[in-house]
Amino acid sequence: MGRVSEKITTFLPWPEIEPEAQKQILNVAELPFIFKWVAVMPDCHYGKGATVGTVIATKGAVVPAAVGVDIGCGMVALETPLKRDNLKELYRLREGIERRIPMSAGRNNSKITETAQARIAELKKLESTTGANYGNFHKDWELALGTLGGGNHFAEVCVDENDAVWLTLHSGSRGVGNRIGNHYIRRAQEICKKRNIALPDRDLAYLSEGTEEFANYLRDLKWAQAFARLNRDEMMDRMVRELSHHVYGAGGRERETELSRINCHHNFTQIERHFGQDVWVTRKGAIEAREGMRGMIPGSMGTHSYIVTGLGNAQAFESAPHGAGRRMSRTKARATHTMKDLEAAMAGIEFRRSKVLLDEIPGAYKDIDHVMEHARELVRIDHTLRQIVNCKGD
């Protein structure tokens, strides 16, 4: 841990942060409602307004762009009693998962499953208690529950250091969360402009506590975070069902196939108690890591992921990094790497061979082991996972 100033605490050396990201951190630290300091995670990199891999505690205001537009994006990991030897034709397992879970941006379910219906009912109940109508943001949000999306979202089958099988998945609140996030980023910008508030970056526009817009944002944010969590659980249930068919030849063995489940956000805001005060904690590309709290920190599609337990580091507002973090833009990754490079990086992993995935090549991401070395004050590593099956959308 290092202290750049009274307002910035970093968990990686300051010189390792690219200049553009350093500028964003300095900008955020100067906002008048920052509580204590900005905590910079080991996977920090340039983002929209605020860096990805930043924990921002505030009093009296929240910055919508610091949460981002993939509200509630995060990880779910499921531990099974199975071993690697229980899995045979991995390409069939991959294809089965891809049939059960719609992947790629804009792809939804063709029908609503029974398990999805129960989760949709939960979201509708939450919606009705607030008087909101999320169909106004996205009319097809119900069909999106149980879908992965594209980009860096993935579903994977992994094995740990004991050859035990784990299922992991990375996704968020899909189109409805994106539209909610963008709506409030624009509203914050409009409000700050109307009030003649000088900002170091227009994407640091904020909503003030006690206003109608703030209350509406937190209401809709809470709903989108619930959608993201339920979305991951729905997809994980489908993965477990496919695993049951793969190993036992039929469904119905799902309950005995699940030993434990971890579901954690890494783009979200909530009120928490720190240093004796209640503050809003925004984690943009960071997970909550209270003492004893379990979480998952993934690498890229061809590198290790980690099951961790939080150490409750007060200087980090009880947080930890969310993953490897990009070191190369998607455009640069495509210009720098070839399909031959991708094949080499994914050696030994069953994956869909597509040029569309080239910008997700492991070389476009930071070294996850380097990130975890700097995270040793934040989390304890319980299990190290390596993928044997990777599923990604276009």
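A few points on the structure. (Residues numbered from 1 in each chain as written. Predicted model: local features only at pLDDT ≥ 70, side-chain atom pairs only at ≥ 80, totals over all residues. Heavy atoms only, no water.)

Below, the discussion takes up the environment of Val55. Looking at the secondary structure, you find Val55 in strand β4 (residues 52-58). Its relative accessible area of 0% is what places Val55 among the buried residues. Here the alpha-carbon distance between Val55 and Leu145, two residues 90 residues apart in the chain, equals 28 Å. Residues in contact with Val55, not counting those within four places in the same chain, are Trp37, Val38, Ala39, Met41, Val281, Thr282, Arg283, Ala286, Ala316, Phe317 and Ser319. (Helix = DSSP H or I, 4+ residues; strand = E, 2+ residues; numbered from the N terminus. Buried < 20%, exposed > 50% of the residue type's maximum accessible area, 1.4 Å probe, protein only. Contact = heavy atoms within 4.5 Å.)

Tallying each qualifying case throughout the model produces 12 aromatic pairs. When the centroid spacing of 5.6 Å and the interplanar angle of 75 degrees are considered together, the rings of Trp37 and Phe275 count as edge-to-face. Taken together, the residues span a long stretch of sequence, with Trp37 in strand β3 (residues 34-45) and Phe275 in the loop between β11 (267-274) and β12 (277-284) at a distance of 238 residues. The exposure class of Phe275 is partly exposed, given its relative accessible area of 38%. Ring geometry for Tyr184 and Tyr217: centres 5.1 Å apart, planes at 50 degrees, overall tilted. (Phe/Tyr/Trp six-rings, centres within 6.5 Å; stacked < 30°, edge-to-face > 60°.)

In total, this model carries 31 salt bridges according to the counting rule given. Glu89 is the partner of Arg92 in a salt bridge, and the nearest nitrogen-oxygen pair spans 2.7 Å. Taking relative accessible area as the criterion, Arg92 reaches 44% and is therefore assigned partly exposed. Between Glu360 and Lys392 there is a salt bridge; the shortest N-O distance is 3.2 Å. In this pair, Glu360 sits in the loop between α10 (339-345) and α11 (368-374) while Lys392 sits in the segment after β17 (379-391), placing the two residues 32 residues apart along the sequence. For Glu360, a relative accessible area of 4% gives the class buried. (Salt bridge = Lys/Arg side-chain N within 4 Å of Asp/Glu carboxyl O.)

Another point: the state of the cysteines. Within this structure, the stated rule accounts for 0 disulfides. Free of any disulfide, Cys391 has its nearest neighbouring cysteine sulfur in Cys158, separated by 10 Å. Among the residues examined, Cys391 registers a relative accessible area of 0% and is labelled buried. (Disulfide = S-S within 2.5 Å.)

Moving on, we come to the sheet that holds strand β7 (residues 154-159). Taken in spatial order, the 7 strands line up as β10-β6-β8-β7-β17-β15-β14 in an open sheet, and their pairing is antiparallel. Across the chains shown, the open sheet's two edge strands, defined by having one partner strand only, are β10 (260-265) and β14 (294-297). Pairwise comparison of adjacent strand axes, ignoring direction, gives a mean angle of 30 degrees for this sheet. Across 5 bridges, the pairing between β7 and β17 is antiparallel. Residue Val157 lies in a different strand from β17, and its bridge partner there is Val389. Sheet contacts for helix α7 (residues 212-248): β6 (74-83), β7, β8 (164-171) and β10; angle to β8, the most-contacted strand, approximately 145 degrees. (Pairing = 2+ DSSP bridges. Axes fitted to C-alpha atoms, helices over the stretch in contact; angles between N-to-C directions.)

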